[in-house]
Amino acid sequence: MPPKAYQTRKMSFSACHRLHSISLTDEENIKLYGKCNHKNGHGHNYTVEVTLYGAINPDTGMILNMTVLKKYMEIAIMEPLDHRNIDKDVEYFKTKPSTTENVAIFIWDHLKEIMDCPELLHEVKIHETENNIVAYRGD
């Protein structure tokens, strides 16, 4: 049985959003999200880490070629999110608040859809700021 390992690639994107839930009143949104509910939104330079877990192929010495993982991330992260207004430009967020948790789920779901080997996907971790980090493992 070949040994298994974790493999992680990082990628950064810039986007703006407004924390706002259509399930709440304007007053409830302001109370819950504070300055992040500003009507004109605000921006972040997000860093995303995608981690795979799987067997190391004895012939290639890799879990997955990093070039292939980079392409998957470009499709699932950069194309829909980079330099976008997440709430207005991404259909998924028209009905869901664009919290970092929901952004992580969005990325996870898109990676699962496009990967030839979705069973390797272990974790999506997003650094919204230096201090605010969310990790999602498909739970």
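Scroll up a little and you will see the structure.
Owing to the predicted nature of the structure, the values given are computational and were not obtained by experimental measurement.

Peer 1: Describe the pairing of strand β5 (residues 133–136), listing the residues and the values that go with them.
Peer 2: Side chains of β5 alternate between two faces, with V134 and Y136 buried and I133 and A135 left unburied. Sheet topology note: the strand β4 (residues 121–127)/β5 ladder contains four bridges and is antiparallel. Within β5, the position partnered with V124 by the bridge is Y136. Between the antiparallel neighbours β4 and β5 lie five residues.

Peer 1: I'd love a proper account of the pattern of salt bridges, names of residues and values included.
Peer 2: Counting across every chain of the model gives three salt bridges. Close ionic contact of E91 with K94 constitutes a salt bridge, the shortest N to O distance being 3.9 Å. Across the pair E123 and R137 runs a salt bridge, and its minimum N-O distance is 2.8 Å. Taken as a pair, E123 in strand β4 and R137 in the segment after β5 lie far apart in primary sequence, 14 residues in all. For E123, a relative accessible area of 10% gives the class buried.

Peer 1: Please provide a residue-by-residue account of the nonpolar core, values included.
Peer 2: V50, I107 and L111 are the most contacted members of the largest nonpolar core, which has 32 residues in total. Elements supplying a minimum of two residues to this core: β1 (4–17), β2 (42–55), α2 (66–81), α4 (100–114), β4 and β5.

Peer 1: Go over the state of the cysteines with me, naming the residues and quoting the values.
Peer 2: Under the defined criterion, the tally for this structure stands at zero disulfides. No disulfide involves C16; its sulfur sits 13 Å from the nearest other cysteine sulfur, which is in C36. Accessibility expressed as a relative area gives 27% for C16, which makes it partly exposed.

Peer 1: Break down the environment of R137 for me, with residues and values.
Peer 2: Take R137: its relative accessible area is 45%, and that puts it in the partly exposed class. Put simply, R137 and V124 are 13 residues apart on the chain and 6.5 Å apart in space, counted from C-alpha to C-alpha. Ignoring sequence-local partners within four residues, the contact set of R137 consists of W108, H122 and E123. A distance of 2.8 Å separates polar atoms of two side chains, one belonging to R137 and the other to E123.

About the thresholds
- Residues numbered from 1 in each chain as written.
- Predicted model: local features only at pLDDT ≥ 70, side-chain atom pairs only at ≥ 80, totals over all residues.
- Heavy atoms only, no water.
- Buried < 20%, exposed > 50% of the residue type's maximum accessible area, 1.4 Å probe, protein only.
- Helix = DSSP H or I, 4+ residues; strand = E, 2+ residues; numbered from the N terminus.
- Pairing = 2+ DSSP bridges.
- Salt bridge = Lys/Arg side-chain N within 4 Å of Asp/Glu carboxyl O.
- Core = buried A, V, L, I, M, F, W, Y, C linked by side-chain atoms within 4.5 Å.
- Disulfide = S-S within 2.5 Å.
- Contact = heavy atoms within 4.5 Å.
- Polar contact = N/O pair within 3.5 Å; in protein donor to acceptor, adjacent residues only side chain to side chain.

Worth remembering: the numbers are spatial, not functional.
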